[in-house]
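An overview of the molecular structure
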Amino acid sequence: MNFNNNQVIAHRGAWKTKPHPQNSLASLQEAFDLGCTGSEFDVWMTLDGILVVNHDADHHGMVIEETNYADLLKEPLSNGEKIPTVEEYLTYGMKQNKTKLIFEIKPSSISKERGIELAEKSVAAVKKLGAENWVDYITFGYEMGLKVISLDPDANVAYLMGDKTPQELKDNGFFGFDYNIKKVKENPQWIKEAHDLGLTVNVWTVNKEEDMKWLMDQNVEFISTDEPELLFSLINQ
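Here's what I pulled together on the structure shown here. (Residues numbered from 1 in each chain as written. Predicted model: local features only at pLDDT ≥ 70, side-chain atom pairs only at ≥ 80, totals over all residues. Heavy atoms only, no water.)

Looking at the packing of helix α3 (residues 86-93) against helix α4 (residues 112-129)
Relative orientation of the contacting elements α3 and α4 amounts to 40°, with a least axis distance of 10 Å. When the interaxial angle is binned, α3 and α4 end up oblique. The two elements α3 and α4 meet at a crossing, and its hand is right-handed. Touching Val86, Glu87, Leu90 and Thr91 of α3 are Ala125, Val126, Lys128 and Leu129, all from α4. Of the residues assigned to the contact of α3 with α4, the class counts are five nonpolar, one polar and two charged. (Axes fitted to C-alpha atoms, helices over the stretch in contact; angles between N-to-C directions. Helix = DSSP H or I, 4+ residues; strand = E, 2+ residues; numbered from the N terminus. Parallel < 35°, antiparallel > 145°, perpendicular 65-115°, else oblique. Left-handed = near helix turned anticlockwise from the far one by under 90°. Contact = heavy atoms within 4.5 Å. Nonpolar A, V, L, I, M, F, W, Y, C, P; charged D, E, K, R; others polar.)

Notes on the nonpolar core
In this structure, Phe103, Val135 and Tyr137 are the most contacted members of the largest nonpolar core, which totals 55 residues. When residues of this core are assigned to their parent elements, the largest contribution, five residues, is made by α4. Beyond its immediate chain neighbours, meaning those up to four positions away, Val135 contacts Leu90, Lys100, Leu101, Phe103 and Val126. Among the nonpolar cores identified, the runner-up in size contains seven residues, and Trp44, Val52, Met62 and Ile64 belong to it. (Core = buried A, V, L, I, M, F, W, Y, C linked by side-chain atoms within 4.5 Å. Buried < 20%, exposed > 50% of the residue type's maximum accessible area, 1.4 Å probe, protein only.)

Some remarks on helix α9 (residues 209-217)
By the burial criterion, the buried members of α9 are Asp211, Met212 and Leu215. Looking straight down α9, one finds that the buried residues subtend no more than 100° of arc, so they occupy a single side. Among the exposed residues of α9, those pointing more than 90 degrees away from its buried face are Glu210 and Asp217. Phi turns positive, to about 60°, at Asn219, one or two residues after α9. (Arc of directions from axis to C-beta.)

What to know about the pattern of salt bridges
Overall, the coordinates contain 15 salt bridges when judged by the stated rule. Between Glu104 and Lys106 there is a salt bridge, and its shortest N-O distance comes to 3.3 Å. The class for Lys106 is buried, based on a relative accessible area of 10%. Where salt bridges share partners, they join Asp42, Glu104 and Lys106 into one cluster. (Salt bridge = Lys/Arg side-chain N within 4 Å of Asp/Glu carboxyl O.)

Quick word on the environment of Thr99
Tracing the backbone through its elements, the reader meets Thr99 in the loop between α3 and β6 (100-105). Using a relative accessible area of 0% as the deciding quantity, one classes Thr99 as buried. For the pair Thr99 and Lys183, spaced 84 residues apart in the sequence, the C-alpha separation amounts to 27 Å. In this view, Thr99 contacts Phe3, Asn4, Ala31, Phe32, Cys36, Thr37, Gly38, Ser39 and Trp134; residues no more than four positions away in its chain are not counted. Of the polar contacts made by the side chain of Thr99, one reaches the backbone oxygen of Cys36; its length is 2.7 Å. (Polar contact = N/O pair within 3.5 Å; in protein donor to acceptor, adjacent residues only side chain to side chain.)

Structure representation (structure tokens):
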């Protein structure tokens, strides 16, 4: 594998400059075309147990966790695509080997058990397709992250919530933290602590030029942004 070596992670794909639906195959392809090191996407489980890619908890007003997959298909995305399954999304992503697929496992609003089931099914889907080399995992659910680590100790798993120190993450087998820009600015020492522990640092969702420049000066590994073109322009200056 020869993945791109830059800091740019397209948040929900690259969807803003050329207006594509977020989390669509079109926005994923745009992230590939830009040369991003990673493209982030969000995963939920339908009522009938299908893993689908969508940012919000609902799709056209249908709560994904309470809706069967077939019913979600009644409402296409704005570009005519159907809401992608994880299998379709990963299969598309594996057609190239430059941009990693940043797989966000969404916590369940129904129960923690359902969130753990989603984590288990996510790892199973990645393994079934042989997509391990393409996929890094992120999640707000700490127990879900621990479940992924237990199922695939070689997986790169980063935590999103911002309530754990780098040392706690290191002790539990996480690959790094992926915290909100406000949280990182409140705890800038965490960047050095993480690096000293061999952890990676990703920061979301960074859309302001001054924040991008500050993080670049801190040598963070990854910057998740809705403005990948702007970040590339700063990197290339």
